[in-house]
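Remarks on the overall topology
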Amino acid sequence: MQFNFLTLFPEKIQSYFASGLQAKAIENEIVKIKIIQLREFANNKHSKVDDTLYGGGAGMLMKVEPYHLALESLKNEKGYVILTSASGKLFTQEIARELASEHDKITFLSGYYEGVDHRVTEHLVDTELRLGNFVLSSGDLASLSIADSILRLVPGFLGGALETLAEESHTLDGVLEYPQFTKPAEFHGWKVPDVLLNGNHAAIEKWREENRKNLA
């Protein structure tokens, strides 16, 4: 899997992949990361990537040219292109599964400020995604969150813990994982349910199914 990030803040992307499972995935060549500084494609002496809105309005809008030139620089490494935007389609686990299984190269375009020139959405990307019904100060966090959700579905990323994918929240759409506990069995008077301590696997499975939550 290869992830390309078009960003104004490369250090944010670099720091995320510098430790933990993400760093191990790079070391083990499960994922390749390419980070592109958008200002390198600003095409003006001040490396300006934003401008005022046609028709007036508050804030600054990201220009179309830097995204276009940066994508062209990737050539055949571009793959599937995603713009993270508060007005995009809601990202779900189902979409994560589709992206992980159908694409081996994904490029993330992070939005900033008031947003991006709409010609980016119309002509340069394959889809536009949002994390939820809220607004972030930049699209980098959204790009990283989506990339992480996809990456953990790539074979080899979780090592021997693949069975956890079958049990976790959102594996079944709209269904959340059951409550989980570990030792000690009692802490400050807070007890683990007895059914989980008796070794009766049928009873445990029944309890887990009864205690799954639905999003609705």
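An account of the accompanying structure is given in this report. (Residues numbered from 1 in each chain as written. Predicted model: local features only at pLDDT ≥ 70, side-chain atom pairs only at ≥ 80, totals over all residues. Heavy atoms only, no water.)

A few words now on helix H4 (residues 93–102). Within H4 the residues assigned to the buried category are Gln93, Ile95, Ala96 and Leu99. Taken down its axis, H4 places every buried residue within 155° of arc, on the same side. Exposed residues pointing more than 90 degrees away from the buried face of H4 are listed as Ser101 and Glu102. On the buried face of H4, the contacting elements are strand E5 (80–90), strand E6 (105–110), strand E7 (127–130) and helix H6 (140–151). (Buried < 20%, exposed > 50% of the residue type's maximum accessible area, 1.4 Å probe, protein only. Helix = DSSP H or I, 4+ residues; strand = E, 2+ residues; numbered from the N terminus. Arc of directions from axis to C-beta. Contact = heavy atoms within 4.5 Å.)

Here we take up the nonpolar core. Phe3, Phe5, Ile106, Phe108 and Ile150 are the most contacted members of the largest nonpolar core, which totals 24 residues. Looking at this core, the elements with two or more residues in it are strand E1 (2–7), H4, E6 and H6. The greatest single-element share of this core, amounting to five residues, is contributed by H6. Not counting the four nearest positions on each side in its chain, Phe3 is found in contact with Val31, Lys32, Ile33, Lys34, Ile106, Phe108, Ala147, Ile150 and Leu151. Counting residues in hydrophobic clusters, the runner-up holds 21 residues, among them Leu6, Met62, Val120 and Leu124. (Core = buried A, V, L, I, M, F, W, Y, C linked by side-chain atoms within 4.5 Å.)

This part is about the layout of surface pockets. Taken as a whole, the largest pocket spans an internal volume of roughly 430 Å³. Every element with two or more residues in the lining of the largest pocket is listed here: E5, helix H5 (118–123) and E7. Here the lining of the largest pocket gets five residues from one element, more than from any other, and that element is E5. Here the residues of the lining of the largest pocket sort into 11 nonpolar, 11 polar and three charged. Within this model, the second largest pocket holds a volume of roughly 260 Å³. Lining the second largest pocket, in full, are Asp51, Thr52, Leu53, Tyr54, Leu61, Met62, Lys63, Val64, Glu65, Asp117 and Arg119. Of all the secondary structure elements, the ones that give two or more residues to the lining of the second largest pocket are strand E4 (61–62) and helix H3 (64–74). (1 Å grid on protein atoms, 1.4 Å probe; cavity = no way out; pocket = protein on both sides within 12 Å on 5 of 7 lines; lining within 4 Å. Points joined across faces, edges and corners; volume = space filled by probe spheres on them. Nonpolar A, V, L, I, M, F, W, Y, C, P; charged D, E, K, R; others polar.)

An order of E2-E1-E6-E5-E7 is seen for the five strands of this open sheet, with the pairing classed as parallel. Two strands bound the open sheet, and with one partner strand each, they are strand E2 (32–37) and E7. The average undirected angle you get between the axes of adjacent strands in this sheet is 30°. Strands E1, E5, E6 and E7 of the sheet are contacted by H6, whose axis makes an angle of about 160° with E6. (Pairing = 2+ DSSP bridges. Axes fitted to C-alpha atoms, helices over the stretch in contact; angles between N-to-C directions.)

With that settled, the discussion passes to the environment of Gly139. With respect to the element layout, Gly139 can be found in the loop between E7 and H6. As for Gly139 and Tyr112, which are separated by 27 residues in sequence, their C-alpha atoms are 6.2 Å apart. Contact partners of Gly139, with chain neighbours within four places excluded, come to Thr84, Ser110, Gly111 and Tyr112.

Here we take up the packing of aromatic side chains. Under the definition given, this model contains seven aromatic pairs. Ring centres 6.3 Å apart and planes at 70° place the aromatic pair Phe3 and Phe5 in the edge-to-face group. Residue classification places Phe3 among the buried residues on the basis of a relative accessible area of 0%. Taking relative accessible area as the criterion, Phe5 reaches 1% and is therefore assigned buried. Ring geometry for Phe5 versus Phe108: centroids 5.4 Å apart, planes at 15°, classification stacked. Highlighted residues: Phe5 in strand E1 and Phe108 in strand E6, separated in sequence by 103 residues. An identical accessibility class is assigned to Phe5 and Phe108; each is buried. (Phe/Tyr/Trp six-rings, centres within 6.5 Å; stacked < 30°, edge-to-face > 60°.)

Such coordinate-based values are descriptive only and should not be taken to indicate function.
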